[in-house]
Amino acid sequence: MVGQFESTKDVVQEVTESAATHIGNIATIITGAIRDIARETGDWLTDVIEMREASQRAQADESRVVNGDSD
């Protein structure tokens, strides 16, 4: 028969192992979410930069046409 001390030790060990597994899974989920957020934010900022540059090129083209410097 297993003594009270050993039984308690086994329960504590199982709870600790379970907690470590679940915390590890949660950390993996959070890490993946942070990675996805960073990727989406970077893609969004790239789009903003590209739109700003396109706007600047369009304004430069328009000013050339207004000033009579068209090709």
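Values in this document were obtained by computation on a predicted structure and should not be read as measured data.

Looking at the environment of Ala-19
Part 1 of the reasoning: In this structure, Ala-19 sits in helix α1 (residues 4-66).
Part 2 of the reasoning: Separated by twelve residues in the primary sequence, Ala-19 and Thr-31 place their C-alpha atoms 18 Å from one another.

What to know about the pattern of salt bridges
Part 1 of the reasoning: Scanning the entire structure with this criterion turns up four salt bridges.
Part 2 of the reasoning: The partner of Lys-9 in a salt bridge is Asp-10, and the shortest N-O contact between them spans 2.8 Å.
Part 3 of the reasoning: Classification of Lys-9 as partly exposed rests on a relative accessible area of 39%.
Part 4 of the reasoning: The class of Asp-10 is partly exposed, set by a relative accessible area of 32%.
Part 5 of the reasoning: For Asp-61, the salt bridge is made with Arg-64, and the minimal N-O distance between the two is 2.7 Å. One end of the pair, Asp-61, and the other, Arg-64, are both in helix α1, three residues apart, so they sit about a helical turn from each other.
Part 6 of the reasoning: Taken together, the salt bridges that share partners define one network made up of Arg-35, Asp-36 and Arg-39.

Cut-offs and rules
Residues numbered from 1 in each chain as written. Predicted model: local features only at pLDDT ≥ 70, side-chain atom pairs only at ≥ 80, totals over all residues. Heavy atoms only, no water. Helix = DSSP H or I, 4+ residues; strand = E, 2+ residues; numbered from the N terminus. Salt bridge = Lys/Arg side-chain N within 4 Å of Asp/Glu carboxyl O. Buried < 20%, exposed > 50% of the residue type's maximum accessible area, 1.4 Å probe, protein only.

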